[in-house]
Amino acid sequence: MNCEKCGSSKVIKKGRRGGKHRIKCKECKSWSTLLINDSETCQNDTGYSDYLNNDSFKNYCTENGIDMKLVKSAKYVNHQGQQAFNIVLDYEKKDDLKITEKLISKIINDSAKKVKRNVTSKNKAGKKLLRLIITDVHIGMTTNKDGNSLYGGKWDSDELFLRLDKIISVLKDLASDFDELHIIDLGDYVDGWNGKTVRKQHDLHQNMTNEQMFENAVVFKDQLLNNCYPLFNHVEMFNICNDNHAGSFGYIVNYAVKELAKIKYNITVTNYQKFINHYTWGNHVFVLSHGKDRENLRFGFKPHIDPGGISKIEEYLKANDLICRDFNVTFEKGDSHQLLLDYSASDDFDYFNYLALSPSSDWVQTNFKKGSSGFVIMEISGKNKRITPHFFDWKV
């Protein structure tokens with residue numbers, strides 16, 4: 001949409017007259033009218049209508065890092081006098097991930113020597129479950145690209161595996177009391193493909209190539225399983241692959257982990273591609289979500305759950321017949337990079353936010369706060385669950 005007098009794209013809608021929008025140019029201050037239906041969503045062979053095939057829409061996409069080739073539909077909106085577009089992208093058109101079969105095969109073949117287990121049954125008093133919860137690992141993210149972030153921070157391959165060592169140490173200390181281990185990854189495991197979020201609307205500061213992220217991500221989980229497998233009679237892994245940073249890249253990483261775990265450890269790895277998922281153990285139901293999805297939600301589940309979030313979760317529980325007095329339901333999410341455990345917002349479920357394994361990015365440091373990073377251990381015995389967070393020191 002351009003000014004009829006001077007051709008500038010710096011125009012805004014200012015009210016209606018006779019079924020037409022009144023348009024004001026910020027450059028020459030002239031007024032004009034435009035006949036258009038606000039509720040019309042454009043969608044055609046090019047991905048957008050002739051109305052949107054203009055400099056205004058192109059500039060908007062450029063400024064927001066949106067690839068116009070991926071636009072499936074778009075709608076012009078006016079937010080407080082500011083021109084904007086609600087855009088839906090066609091994810092089937094996005095570039096294929098070019099992690100080669102050769103690279104995947106190399107990692108699996110280099111690691112896939114079957115590991116033997118020799119564990120005697122423990123916990124004679126009753127079945128107990130140990131759960132490791134990690135989220136927002138953001139492998140490949142840099143916290144201090146130009147040296148000017150507020151608090152610095154160190155996040156690279158060396159730091160990633162130092163944190164893995166601490167996780168393994170904690171699990172080894174607890175293993176003697178538990179027969180079973182569940183490893184939960186709540187999404188955003190890798191930072192993003194080609195320095196972009198899934199929706200390609202934000203540039204990401206990264207210190208690894210796609211291939212380096214892939215290799216570090218697979219090796220991290222392989223080493224975790226390699227150390228845990230001999231300690232427990234039963235190990236399972238659950239990965240969220242519908243998130244706003246990793247997306248399809250995260251799924252490919254976790255698919256490689258799944259195939260490796262099957263060959264090497266005979267361990268079941270479940271990769272969830274829905275926004276909300278669940279599994280049961282005894283009378284416990286664990287509902288898993290990253291908190292923000294890869295495509296549809298404008299805003300995800302909030303750190304402090306609101307009535308809309310409660311309604312969405314309760315609807316999911318009812319649809320899956322999970323509301324029952326005998327069930328102990330825990331909704332678990334990442335995304336917020338905060339540890340917030342809410343036992344009282346709903347009578348039907350507990351609402352748990354978990355802290356990120358990675359330190360805060362430059363963007364988070366500037367827009368929010370320095371924050372904390374770590375992982376969570378959950379011990380399940382009967383109907384009881386015990387939560388223990390483990391924090392990492394901030395490294396400059």
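In what follows, the structure referred to is the one given above.
Residues numbered from 1 in each chain as written. Predicted model: local features only at pLDDT ≥ 70, side-chain atom pairs only at ≥ 80, totals over all residues. Heavy atoms only, no water.

Moving on to the sheet that holds strand β9 (residues 268-272). Across the sheet, which stays open at both edges, the six strands sit in the order β9-β8-β7-β6-β15-β16 with mixed pairing between neighbours. Only two strands of the sheet have a single neighbouring strand rather than two, namely β9 and β16 (384-391). Strand-to-strand twist across the sheet, computed as the mean angle between neighbouring axes with direction ignored, equals 15°. Pairing of strand β7 (residues 180-185) with strand β8 (residues 234-240) involves six bridges; the strand directions are parallel. If you follow Ile-183 over to β8, its bridge partner there is Met-237. Packing of helix α4 (residues 210-228) onto the sheet brings it into contact with β6 (128-134), β7 and β8, and relative to β8 it is tilted by some 160°. Against the sheet, helix α5 (residues 247-264) makes contact with β7, β8 and β9, and its axis sits at roughly 165° relative to β9, the strand it touches most. (Pairing = 2+ DSSP bridges. Helix = DSSP H or I, 4+ residues; strand = E, 2+ residues; numbered from the N terminus. Axes fitted to C-alpha atoms, helices over the stretch in contact; angles between N-to-C directions. Contact = heavy atoms within 4.5 Å.)

Before going further, it helps to examine the packing of aromatic side chains. Scanning the model with the defined rule gives 14 aromatic pairs in all. Both rings, one in Phe-161 and one in Phe-220, keep their centres 6.1 Å apart while their planes meet at 55°; by these two values the pair is tilted. Residue Phe-161 is found in helix α3 (residues 157-174), and its partner Phe-220 is found in helix α4; the two are separated by 59 residues along the sequence. Taking relative accessible area as the criterion, Phe-220 reaches 0% and is therefore assigned buried. One aromatic cluster is present, formed by Phe-238, Tyr-272, Tyr-279 and Phe-286 through successive ring pairs. Positioned above the aromatic ring of Phe-286, the side-chain terminus of Arg-131 is 3.7 Å from the ring centre. A cation over an aromatic ring shows up here: Lys-221 above the ring of Tyr-189, its NZ or CZ 4.0 Å from the ring centre. (Phe/Tyr/Trp six-rings, centres within 6.5 Å; stacked < 30°, edge-to-face > 60°. Buried < 20%, exposed > 50% of the residue type's maximum accessible area, 1.4 Å probe, protein only. Lys NZ or Arg CZ within 6 Å of the ring centre and 35° of its normal.)

Attention shifts here to the side chain of His-245. Among the secondary structure elements, His-245 is positioned in the loop between β8 and α5. Take His-245: its relative accessible area is 14%, and that puts it in the buried class. Reaching out from His-245, the side chain makes a polar contact with the backbone oxygen of Asp-191 at a distance of 2.8 Å. Those residues in contact with His-245, other than ones at most four positions away along the chain, are His-138, Asp-188, Val-190, Asp-191, Gly-192, Lys-196, Thr-197, Val-198 and Leu-204. (Polar contact = N/O pair within 3.5 Å; in protein donor to acceptor, adjacent residues only side chain to side chain.)

What follows deals with the packing of α4 against α5. Packing of α4 against α5 brings their axes to within 10 Å, and their N-to-C directions diverge by 35°. The element α4 and its partner α5 pack so that their crossing is right-handed. Contacts between α4 and α5 involve Asn-210, Met-213, Phe-214, Ala-217, Val-218, Lys-221, Asp-222, Leu-225 and Asn-226 from the former and Phe-249, Ile-252, Val-253, Asn-254, Ala-256, Val-257, Leu-260, Ala-261 and Lys-264 from the latter. Class assignment for the residues of the contact of α4 with α5 results in 12 nonpolar, three polar and three charged. (Left-handed = near helix turned anticlockwise from the far one by under 90°. Nonpolar A, V, L, I, M, F, W, Y, C, P; charged D, E, K, R; others polar.)

Turning next to the pairing of β9. Across five bridges, the pairing between β8 and β9 is parallel. The partner of Asn-239 across the bridge, within β9, is Asn-271. Chirality of the crossover, the property in question, places the unit of β8, α5 and β9 among those that are right-handed. (Right-handed = clockwise from strand over helix to strand, strands pointing away.)

All right, on to the sheet that holds strand β10 (residues 277-281) then. Sheets are built from strands paired through backbone hydrogen bonds, the pairs being either parallel or antiparallel. Reading across the sheet, the five strands line up as β10-β11-β12-β14-β13 and stay open at both edges, with mixed pairing between neighbours. Every interior strand has two partners, whereas the edge strands, β10 and β13 (340-342), have only one. Sheet twist, expressed as the average angle between the axes of neighbouring strands with direction ignored, equals 15°. Inspection of the sheet shows β10 paired to strand β11 (residues 284-289) by five bridges, in the antiparallel sense. Paired with Trp-281 across the strands is His-284, a residue of β11.

On to the side chain of Asn-271. In this fold, Asn-271 is placed in strand β9. Side chain to side chain, Asn-271 and Asn-239 meet in a polar contact 2.9 Å long. There is a polar contact of 3.1 Å between the side chain of Asn-271 and the backbone oxygen of Asn-254. With residues up to four places along the chain from it excluded, the contact list for Asn-271 reads Asn-239, Cys-241, Tyr-251, Asn-254, Tyr-255 and Lys-258.

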